[in-house]
Amino acid sequence: MKDFFINIYKHVSDFFINIKMPGFATMMLGVTCISLLTIGIWFFIRIRSIKSGTLILSESDLLDTEQESKPLFKLTKKDIMIMLAMTIFYALPALYNLGSFSVPETSWAPSAKDDGFIVDLGKRVEVSKVMIYQGYNHEKYDNVKYDILYLNDFDNYMSSEAIDKTGFYSWKVSAKEFKTSKIKFMPNGPGAALNEIAVFEKGSTKPLSIKSITSSNSGSNTPAIESPDHKPYKLSNLIDEQDKVDFYTLSNTNTYFDEVFYPRTALDFIYEIIPFERTHPPLGKYFVMIGMLIFGVNPFGWRIVGTLFGVAMIPVMYLFGLKLFKKRFFAFCTAFLMMFDFMHFVQTRISTIDVYVTFFVILMYYFIYDYFIRKPYKIGLKKSLVPLFLCGLILGIGAATKWIAMYGAVGLMLIFIIAKLDEIACYTAYRQYGLSSDLFNKFWSRYFVKTALACVLFFLIIPGIIYFASYTSIMLVPGNGVKEFINNQTYMYNFHNDLDIKHSYSSPWWAWPIMVKPIWFYGSKALAAENLTSSIICMGNPLIWWFSIPALITGIVLAIKRKDRYMIVPIFGALFQYIPWMVVRRMAFIYHYFSVMPFLIIIMVYLIKIFYGHGRTARKLVYIYLILTAFMFVMFYPILSGVIVPKWYASLLQWFPGWSFRY
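Report follows, based on the coordinates. (Residues numbered from 1 in each chain as written. Predicted model: local features only at pLDDT ≥ 70, side-chain atom pairs only at ≥ 80, totals over all residues. Heavy atoms only, no water.)

1. What about the overall build of the protein chain?
Phase 1: A tally of helices and strands in the protein chain yields 24 helices and 11 strands.
Phase 2: Each principal axis of the C-alpha atoms in the protein chain carries an extent, and together these give about 105 × 80 × 40 Å.
Phase 3: Buried residues in the protein chain amount to 57% of all 663 residues.
Phase 4: Taking the contacts inside the protein chain whose residues are at least 6 apart along the sequence as the reference set, 80% of them involve residues at least 24 apart. (Helix = DSSP H or I, 4+ residues; strand = E, 2+ residues; numbered from the N terminus. Buried < 20%, exposed > 50% of the residue type's maximum accessible area, 1.4 Å probe, protein only. Contact = heavy atoms within 4.5 Å.)

If you want it as structure tokens, here you go:
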């Protein structure tokens, strides 16, 4: 019998020893345990001080419900007007030059290898550039090469260059020059859809008029491939939208950076096929899909919803600032810094999913603050559960968008624990002082047992249902079912845990606040020949980002020293969106700092609030700081928005070796 238990112990211990947790999970577990230990020590000291009489809680603090019954902030007409003005003021540049409504949409795809086509120019010309607009096809047809061949003086076709079909709704360019009257396009495989082709004569920016386009394999009996949208493939589709050709391949006609994933996947959902992008949950792509369903499959359509979420962040940050600081000016400062942060502007204008999850993370902490700052026994059980319900609901939506929302769940849990332990401290003082009040009737069963049961519903069941339901469109694809939901969780976990590739613009977590390596999202090579540039750079406003970490450290110290309990919420928001990235083994990018910045901005405004009270000179310095922050945004706006400017202007803004803003 003894050997039996020894063997069981050995097997169990070997099992746990051999478990290899990913770095971020180990870190989060460690940080959570340290946080719980710290909170436990604080609670022990607090209870001991109450019982020994060294900490006295006044009867009014324990039992007065007047303050608790008041709204956390009063929203006046003036506040509404300020929020509206700030929102419109931000929305105008955010929507300007967002994306075109008009891009090539009709497509053609080869049915087999070498099922190409011949373009007859009608005359012999000096060709300077050949362009193709990549269309939408099933994933299995990606990575097909189109060999471009031109007819030489001896009536033989010579190879010029091969173009990979690797993207979605974007221009690919071959700038090899040659003289010819006919050009042949030969694919090395079937199915890779093209929406338009264009040929340019040397010295011209307008596409050549094409006399005819014919199949290079007219004798083939290979049946045509059906397109995902069930629209017929016709060769004439390749030259029917010449007015939509973009010689300079600007950002408002192309997908750029990670847009190659999300709009394409949104279109997969529309046509009910297996999604292209499977490394994140589906909900963020549904938001992209909504814009495309309303405005069409074009850059404006796949960007507009994310941009509107970015616009909505301005009033949300104003309300968050008003809730925390109670003063209109500091609410204005909170929204103002968000308005003029570069990354907020850039990340909400590109069709990725970070804008959505960041918006939901802000709301998660916005609602948990209500529960944290009010005593449930003073406002009543039902009223106290409302912010918990809203917080859990938003957590489910956020997690179904991107997993980083679950990092914030750790912060929410710790905030909740601190709030409940503070209630126990109040109850201990109430019993210690021999007070009598109906507020504490059924204290444990009402405010702990029932709240705990409600939290199971709000933070486990409801988010779980939302998360599972977000996979509906994937599970309904023929042949998938519930098993695809399970398979996708494993796939996502393994992808993010094992991703070990290099990228020229990746950077470690410590480099983000000081902006060692901004990401050059987009640049036009064609404009460089004319000493112009159109660029989109993903980085932060230096006057905000360079102060962010010093502000976080100073904010923590001052909040403890001044006993500003309400600052726990934004501090935890910042820490638990940032800490996981410190040990993530996969490559990371500066835009992963995006979800941290709203909380760092709030902490910066907290410091502004303290400094602002130091007299007239301090107030003037605050105004100067805000003006300079806005001026910095105006100065960098051209390379954040893709506006065409002289190359020398972009060069002036390349302050450090790691900053690359133009060709």
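2. Here's the deal with the packing of aromatic side chains
Any aromatic ring pair is given by two values, namely how distant the centres are and how the planes are angled relative to each other.
Phase 1: Per the counting criterion, the structure on display carries 83 aromatic pairs.
Phase 2: Geometrically, the ring pair formed by tyrosine 169 and tryptophan 302 is edge-to-face, given 5.9 Å between the ring centres and 90° between the ring planes. Placement of tyrosine 169 in the loop between β3 (157-165) and β4 (171-174) and of tryptophan 302 in helix α8 (residues 299-325) is noted, with a sequence separation of 133 residues between them. Each member of the pair, tyrosine 169 together with tryptophan 302, is buried.
Phase 3: Ring centres 6.0 Å apart and planes at 85° place the aromatic pair tyrosine 427 and tryptophan 444 in the edge-to-face group. (Phe/Tyr/Trp six-rings, centres within 6.5 Å; stacked < 30°, edge-to-face > 60°.)

3. Quick word on a nonpolar patch on the surface
Phase 1: Residues Trp510, Ile514, Val516, Trp546, Trp655 and Phe656 make up a contiguous nonpolar surface patch of roughly 600 Å² in combined accessible area.
Phase 2: Within the secondary structure, tryptophan 655 is located in the segment after α24 (647-652). (Patch = residues over 30% accessible without salt bridge, like charges linked within 9 Å, V, L, I, M, F, W, Y side chains within 5 Å. Areas by Shrake-Rupley, 256 points an atom, 1.4 Å probe, with all protein chains shown as cover. Salt bridge = Lys/Arg side-chain N within 4 Å of Asp/Glu carboxyl O.)

4. Observations regarding the packing of helix α11 (residues 354-373) against helix α21 (residues 568-578)
Phase 1: The interhelical angle for the contact between α11 and α21, taken along N-to-C directions, is 145°, at an axis separation of 10 Å. As α11 packs across α21, the resulting crossing turns out to be right-handed. Judged by residue contacts, Val361, Tyr365, Ile368, Tyr369 and Phe372 of α11 engage Ile568, Val569, Phe572, Gly573, Phe576 and Gln577 from α21.
Phase 2: For the contact of α11 with α21, the class distribution of residues is nine nonpolar, two polar and no charged. (Axes fitted to C-alpha atoms, helices over the stretch in contact; angles between N-to-C directions. Left-handed = near helix turned anticlockwise from the far one by under 90°. Nonpolar A, V, L, I, M, F, W, Y, C, P; charged D, E, K, R; others polar.)

5. Section: the pattern of salt bridges
Phase 1: Scanning all chains against the criterion turns up 17 salt bridges.
Phase 2: Between aspartate 79 and arginine 328 there is a salt bridge, with its nearest N and O atoms 3.0 Å apart. A residue pair is termed long-range when its members are at least 10 positions apart, and aspartate 79 in helix α5 (residues 77-95) and arginine 328 in helix α9 (residues 328-339) qualify at 249 residues.
Phase 3: A residue is classified by how much of its surface remains accessible, and arginine 328, at 30% relative accessible area, is partly exposed.
Phase 4: When the shortest N-O distance is used, the salt bridge between aspartate 354 and lysine 402 registers 2.6 Å. You can see aspartate 354 sitting in helix α11 and its partner lysine 402 sitting in the loop between α13 (381-399) and α14 (405-432), a full 48 residues away along the chain.
Phase 5: Residue class for lysine 402 comes out buried when judged on its relative accessible area of 6%.
Phase 6: Linked through salt bridges whose partners overlap, the residues forming this network are Arg46, Lys375, Asp422 and Arg565.

6. So, helix α15 (residues 443-469)
Phase 1: A rise of 1.5 Å per residue sets the reference length of α15, with its 27 residues, at 39 Å; its end C-alpha atoms lie 36 Å apart and thus fit the reference within 8%.
Phase 2: Within α15, the axis deviates most sharply at threonine 451, by approximately 25°. (Expected span 1.5 Å × (residues − 1). Bend = angle between axes of the 7 residues up to and from the residue.)

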